[in-house]
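In case you want the letters, here they are:
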Amino acid sequence: MRSRAGHRHQLKQSGVKAMFGRLSIAVIVFVICAVSFLSTIKSTSRSFSQSEIKVDTLWGTAASGEWRPSSAPRTAWPPPLTETNGYLRVRCNGGLNQQRSAICNAVLAARIMNATLVLPELDANSFWRDDSGFHGIYDVEHFIKSLRYDVKIVESIPEIRKNGKIKKIKAFQIRPPRDAPISWYTTFALEKMKEHSAIYLTPFSHRLAEEIDNPEYQRLRCRVNYHALRFKPHIMELSNTIVNRLRAQGHFMAIHLRFEMDMLAFAGCFDIFTLEEQKILKKYRQENFAAKKLVYSERRAIGKCPLTPEEVGLILRSMGFDNSTRIYLAAGELFGGNRFMKPFRSLFPRLENHSTVDTTGELATNTHGLLGSAVDYMVCLLADIFMPTYDGPKQLRK
Ligand SMILES: *[C@@H]1O[C@H](CO)[C@@H](O)[C@H](O)[C@H]1NC(C)=O
Ligand SMILES: *[C@@H]1O[C@H](CO)[C@@H](O)[C@H](O)[C@H]1NC(C)=O
Ligand SMILES: *[C@@H]1O[C@H](CO)[C@@H](O)[C@H](O)[C@H]1NC(C)=O
């Protein structure tokens, strides 16, 4: 659990963990939750009383420990060279968070290669049904300007004159290996870039190793994620309106309840569903993800499944949050419907989501798009407490 200020500290910390701040928060949350859950079970048997928990302290700021914000360079960091090795185009796939981390990687890759980055393309796949692209979500001018001492960025690939004709440079398409090391970028990819003047890396999620033994490179990723990537003004306004409206009634907590069809299908978490529901999940899995043998009956037991809404509710209740707690749910459509939400709702009846708080109606018509995710992202960032319920596909690689 993090309060507003604590959360921000957490988000700006240095090193590998900072880049995946959200994941580390998730881990911390789970440790805290597990410890408190276990101790509650123990203490209930000693006639545990609710008054032992001071709810106010739960809403307070968590100590940041030794962590401090760090995204500025601490050693010599020369500006990008005026001469470029070529142009780097990438196509970022996945949802909002995956795309964000891909954008961080694209900037770092361009820096490593002394290349000029072409504004990253955001995938408009069938699930996200959103083709607004980078321009539709992020503040392009701010992005380019705030990274001017790190990489050169252009909005589109330039035109060249060849045999008297003007045409765009054709980027050589490459499918990068998963978690490619830096050496892949400075050898194979660089060679192709020099040969063709431009390369196009697609797909581009998780295509640069997370762990890189160079703190300055990690700081650059932080600069991109926490400083350069700013949502467009109207998204910030919409998010602020929602947060102000929620806060007008006091504290609120935001939960990313990742109990959605795509994640359940991807994780292979079928066992708690009816046969009919399992059919839907299995079909989705077949149609959208690479075949991989999973023992479905084991997935939950080995911790690969998102928490169910009821489990989330029980954890919060055991920590001391009572039924007056206001909770903003950041998520798409929850799978399994009311059957799974009912136990959660009975523990915490004061639930909101972006459609219930937004009165402009703008989000109602854009439930799958990146706009809704962007607003949810901001509301989670600004909430008094943010709780993720799942640390994402990363742990699923095993
Ligand atoms: C990029 O430029 C820096 C500074 O001149 C140089 O040290 C580095 O070797 C260059 N890297 C590549 C891949 O060209
Ligand atoms: C919350 O719980 C109390 C008992 O602890 C109950 O009296 C009250 O009706 C509940 N409120 C709601 C909104 O469910
Ligand atoms: C938001 O909450 C309302 C009312 O509880 C519900 O009908 C709607 O489906 C929710 N929207 C999303 C995107 O979950």
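None of the values given here were measured: they were computed from a predicted structure.

Cut-off values and rules
- Residues numbered from 1 in each chain as written.
- Chains lettered and ligands numbered in written order.
- Predicted model: local features only at pLDDT ≥ 70, side-chain atom pairs only at ≥ 80, totals over all residues.
- Helix = DSSP H or I, 4+ residues; strand = E, 2+ residues; numbered from the N terminus.
- Buried ≥ 20, exposed ≤ 12 C-beta atoms within 10 Å, placed from the backbone.
- Contact = placed C-beta atoms within 7 Å.
- Pairing = 2+ DSSP bridges.
- Axes fitted to C-alpha atoms, helices over the stretch in contact; angles between N-to-C directions.
- Parallel < 35°, antiparallel > 145°, perpendicular 65-115°, else oblique.
- Left-handed = near helix turned anticlockwise from the far one by under 90°.
- Expected span 1.5 Å × (residues − 1).
- Bend = angle between axes of the 7 residues up to and from the residue.
- Core = buried A, V, L, I, M, F, W, Y, C linked by C-beta atoms within 7 Å.
- Domains from an automatic or database assignment.
- pLDDT = per-residue confidence, 0-100.
- Nonpolar A, V, L, I, M, F, W, Y, C, P; charged D, E, K, R; others polar.

*Asks:* Would you mind going over the overall build of the protein chain with me for this structure?
*Replies:* Counting its regular elements, the protein chain contains 16 helices and 12 strands. When each of the 398 residues of the protein chain is scored for burial, the buried share is 36%.

*Asks:* Looking at this model, I keep getting lost on the environment of Ala109. Mind explaining?
*Replies:* By the element assignment, Ala109 lies in helix 5 (residues 96-112). When the 26 C-beta atoms within 10 Å are taken as the criterion, Ala109 is described as buried. On a C-alpha basis, the gap between Ala109 and Ile182 in space is 7.9 Å, while along the polypeptide they are 73 residues apart. Leaving out residues up to four positions away in the same chain, Ala109 has contacts with Leu88, Tyr185 and Leu208.

*Asks:* Sorry, what's going on with the sheet that holds strand 12 (residues 385-388) here?
*Replies:* The strands that make up a sheet pair up through hydrogen bonds in the backbone, lying either parallel or antiparallel. Strands sit in the order 11-10-9-12 across an open sheet of four strands; the sheet is parallel. Strand pairing shows two members of the sheet lacking a second neighbour, strand 11 (351-352) and strand 12, which therefore form its edges. Along the sheet, helix 16 (residues 370-382) makes contact with strand 9 (253-256), strand 10 (327-330) and strand 12, crossing strand 10 at roughly 145°.

*Asks:* Would you mind showing me how to read the pairing of strand 10 here?
*Replies:* Consecutive side chains along a regular strand alternate between the two faces of the sheet. The alternating pattern of strand 10 places Ile327 and Leu329 on one face and Tyr328 and Ala330 on the opposite face, and all of these are buried. Here four bridges tie strand 9 to strand 10, and the two strands are oriented parallel to one another. Each bridged residue has a counterpart across the sheet, and for Ile255 the counterpart in strand 10 is Leu329. Pairing of strand 10 with strand 11 involves two bridges; the strand directions are parallel. In the strand pairing of strand 11, Tyr328 is matched with Glu352.

*Asks:* What exactly am I supposed to notice about the packing of helix 5 against helix 9 (residues 215-228) here?
*Replies:* A pair of packed helices is characterised by two quantities: the angle between their axes and the separation of those axes. Here helix 5 crosses helix 9 at 130°, and the two axes come no closer than 9 Å. Considering their axes alone, helix 5 and helix 9 lie oblique with respect to each other. The hand of the helix 5/helix 9 crossing is right-handed. Mapping the contact onto sequence places Arg100, Ile103, Cys104, Val107, Leu108 and Arg111 in helix 5 and Tyr217, Leu220, Arg221, Val224 and Asn225 in helix 9.

*Asks:* Explain helix 8 (residues 182-196) to me, please; I cannot follow it from the model alone.
*Replies:* Along an α-helix, residues three or four positions apart point the same way, because every turn accommodates 3.6 residues. Taking 1.5 Å of rise per residue, the 15 residues of helix 8 would be expected to cover 21 Å, and the 20 Å separating its terminal C-alpha atoms lies within 8% of that figure. Remark: the principal bend of helix 8, roughly 40°, maps to Leu190. For helix 8, every residue scored as buried is listed here: Tyr185, Ala189 and Met193. On its buried face, helix 8 is in contact with helix 5, strand 7 (172-174) and strand 8 (198-201). With its phi angle positive at about 75°, Ser197 sits one or two positions after the end of helix 8.

*Asks:* I tried to follow unusual backbone geometry on my own but got confused; where do I start?
*Replies:* Most peptide bonds adopt trans geometry, and most residues besides glycine take a negative phi value. With an omega dihedral of -5°, the bond running from Thr202 to Pro203 counts as a cis peptide bond. Counting through the fold element by element, Pro203 comes out in the loop between strand 8 and helix 9. Of note, Asp179 is a non-glycine position whose phi angle comes to about 50°, a positive value. Here His206, not a glycine, exhibits a phi torsion of approximately 60°, which is positive.

*Asks:* Would you mind showing me how to read the nonpolar core here?
*Replies:* In summary, soluble globular proteins display a tendency toward joint burial of nonpolar side chains. Ranked by internal contacts, the top residues of the largest apolar core, which has 87 residues, are Leu88, Ala106, Val107, Val379 and Ala383. Domain assignment of the residues forming this core places at least three in each of domain 1 (4-67 + 234-259 + 306-397) and domain 2 (87-230).

*Asks:* So what exactly am I meant to see when it comes to the environment of Lys232 here?
*Replies:* On the secondary structure map, Lys232 appears in the loop between helix 9 and helix 10 (233-247). Classification of Lys232 as partly exposed rests on a count of 18 C-beta atoms within 10 Å. Counting along the chain gives 93 residues from Lys232 to Asp139, while the straight-line C-alpha distance between them is 4.7 Å. Setting aside residues up to four positions removed in sequence, Lys232 forms contacts with Ile137, Tyr138 and Asp139.

*Asks:* How should the confidence of the model for the protein chain be read in this particular structure?
*Replies:* Fine structural detail should not be taken from predicted coordinates in areas where pLDDT scores are low. Within the protein chain, residue pLDDT values average 83, and 81% of them lie at 70 or more. Confidence drops under a pLDDT of 50 for residues 1-48, and excluding neighbours within four residues, the segment shows 82 contacts in the predicted structure.

*Asks:* So what exactly am I meant to see when it comes to the packing of helix 13 (residues 309-319) against helix 14 (residues 338-347) here?
*Replies:* At a minimum axis distance of 7 Å, the contact between helix 13 and helix 14 shows a crossing angle of 20°. On the basis of the axis angle, helix 13 is roughly parallel to helix 14. Crossing handedness for the pair helix 13 and helix 14: left-handed. Contacts between helix 13 and helix 14 involve Pro309, Glu310, Val312, Gly313 and Arg317 on the former and, on the latter, Phe340, Met341, Pro343, Phe344 and Leu347. For the contact of helix 13 with helix 14, the class distribution of residues is seven nonpolar, one polar and two charged.

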